[in-house]
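# Understanding the architecture of this molecule
One-letter residues, chain by chain:
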Amino acid sequence: MNNGESQLQPQVTNLSPAPRTLPRRSFLRRMGVGAALLAPGAGLFGSVSKVFGDEGQNVNGITAGDAALLRFAAAAEILETDLWVQYNELGGIPDAEVPGGTGNPIYTKALKVLDGDMDQYIHDNTEDEFTHQNFLNAYLVSKGAQPVHLNQFRTLPGSTATGSSGKRRLTNLMQLTLDTSWWTRYRSRDKNPDLNPGFTFAQAVPDLHNGQFTAIPRTDADLHPPKHIQAIANTAGFHFPTIEQGGNSLYPSMAQRATSVEVLRILISIGPTETMHFQTWSDKAGNAPPLTDPTNGLTFPDLNSPPFDTQNFQTNLIMPEPCPFLSPTLPRCSIIRPTETNGIAMGVVKFLTDMGLFIGQSQAFFAFLNQLATEADAAQRGA
Ligand SMILES: [Fe+2]
Ligand SMILES: [Fe+2]
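To keep things clear, this report deals only with the structure shown in the data block. From a predicted model like this one, the values you see are computed outputs, not experimental measurements.

This part covers the packing of aromatic side chains. Applying the stated criterion across every chain, the model contains 20 aromatic pairs. Summarising the aromatic geometry, the rings of W84 and F240 are spaced 4.7 Å apart at their centres and angled 40° between planes, so their arrangement reads as tilted. Of this pair, W84 sits in helix 3 (residues 64-91) while F240 sits in helix 7 (residues 226-255); the two residues are 156 residues apart in sequence, bridging distant segments of the chain. Accessibility assignment for this pair places W84 and F240 in one class, buried. Between W182 and F278, the ring centres sit 5.5 Å apart and the planes meet at 85°, which makes this aromatic pair edge-to-face. Of this pair, W182 sits in helix 6 (residues 182-185) while F278 sits in helix 8 (residues 261-285), and the two are 96 residues apart along the sequence. With relative accessibility at 8%, the residue F278 sits in the buried group. Taking NZ or CZ as reference, R187 lies 3.8 Å from the ring centre of W183, over its face.

Attention now moves to the coordination of the iron ion (ligand 2). Those donors, E80 (OE), E129 (OE), E244 (OE), E244 (OE) and E274 (OE), are the protein atoms that reach the iron ion (ligand 2), and they lie 2.0 to 2.7 Å from it. Of note, the donors binding the iron ion (ligand 2) are all from one chain and are spaced E-x48-E-x114-E-x29-E. The two metals, the iron ion (ligand 2) and the iron ion (ligand 1), are separated by 3.3 Å and share E80 as a common coordinating residue. With E80 in helix 3 and E129 in helix 5 (residues 118-142), the pair connects residues that are 49 residues apart, well separated along the chain. Owing to a relative accessible area of 0%, E129 belongs among the buried residues under this scheme.

E77 (OE), E77 (OE), E80 (OE), E129 (OE), H132 (ND1) and E274 (OE) make up the full set of protein donors to the iron ion (ligand 1), lying at 2.0 to 2.6 Å. If you list the donors of the iron ion (ligand 1) from N- to C-terminus, the spacing comes out as E-x2-E-x48-E-x2-H-x141-E.

With that settled, consider the nonpolar core. Judged by nonpolar contacts, the single largest core of 86 residues is most densely connected at L70, F72, Y87, Y107, F238 and L357. Counting residues per element, this core draws most heavily on helix 3, which supplies 14 residues. Excluding its chain neighbours within four sequence positions, the residues that come into contact with F238 are L178, T180, W182, W183, A204, V205, L208, A285, A288, F300 and L303.

Before going further, it helps to spend a moment on the state of the cysteines. Taken as a whole and assessed by the stated rule, the structure comprises zero disulfides. Cysteine C323 remains unbridged, with the sulfur of C333 as its closest cysteine sulfur at 7.8 Å. By relative accessible area, which is 31% here, C333 ends up partly exposed.

Calculation criteria
Residues numbered from 1 in each chain as written. Chains lettered and ligands numbered in written order. Predicted model: local features only at pLDDT ≥ 70, side-chain atom pairs only at ≥ 80, totals over all residues. Heavy atoms only, no water. Phe/Tyr/Trp six-rings, centres within 6.5 Å; stacked < 30°, edge-to-face > 60°. Helix = DSSP H or I, 4+ residues; strand = E, 2+ residues; numbered from the N terminus. Buried < 20%, exposed > 50% of the residue type's maximum accessible area, 1.4 Å probe, protein only. Lys NZ or Arg CZ within 6 Å of the ring centre and 35° of its normal. Donors = N, O, S within 2.8 Å, 3.2 Å for Na, K, Ca; no water. Core = buried A, V, L, I, M, F, W, Y, C linked by side-chain atoms within 4.5 Å. Contact = heavy atoms within 4.5 Å. Disulfide = S-S within 2.5 Å.

What is shown is where atoms sit, not what they do.
Spelled out as structure tokens, the structure:
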């Protein structure tokens, strides 16, 4: 399997008159097409009128809003795939299902301190992301809508440590600032970010939120001393659930604005796999050994010991605690949170940007991602 993008080129032809109720320019804007492509005779997107009829609806039943939701999801999945591939090359199981890289035994051994199956889980999570990106783009194409491609933005140098393929990357895993507050958010019985938007949930690993740290060995120099590579593996161990809990909220949030039942089905079928990833990784993060990296002072606390209270930090509390949902007058409920739909796509872009995942990316990259997010956030159920 390759990165999957190359086999999903748009197959849009047959220029015909513009639709009556959905202006061509409006549609192109919603579909993420830049002004440069609006030149007269730009035939690549000429099937717009064939795709969208008088109701703003695709002849196959997908609206511009649904396409925008799926396009943002596809972009998020391509980005997820890119970061997971980097982990699989160094700490997973490179094989025919997830090719690339040759593994780094020292990093893999440090990851396995968290769980003996870490390499298998990394491999399987990586394969899942490939299938998400490929399915979403193929579905868009099957409905005559534009898929998403980010290959032009694969410009970032990745790790040069033993095991890395040395490919150019979309995402940067070497300067991460991790918000680990999901750890206490899912353990809180009183607070839900949708009902308490100003509330700050405590960080599990405050240091990860206060600096920039690599989650992969950047070069072979990072493989020693042992506490340094273990701190890098621990950082990865907290990055995994931090990423996956984002998808965990993204899908149910977007699903609320899907129009077609089939698009709704896609969103509520992919979303829970992100949840399965999150809970697995949440369990493994709790096994990260307490230590201080002697090279930079990064400290991983013992989450089962004072001053951490057992309710919020006890590592075996991996099921979501019930919390207020929709209204404080209703009984508490064990749920995914947050799931507020307004602004979710831009919120995810900000979350990933604040994480440092895109450090080194171009202005064109951010402009494209913001455009996709803006269009997804403008999608309305039934419109
Ligand atoms: Fe995914
Ligand atoms: Fe994921």
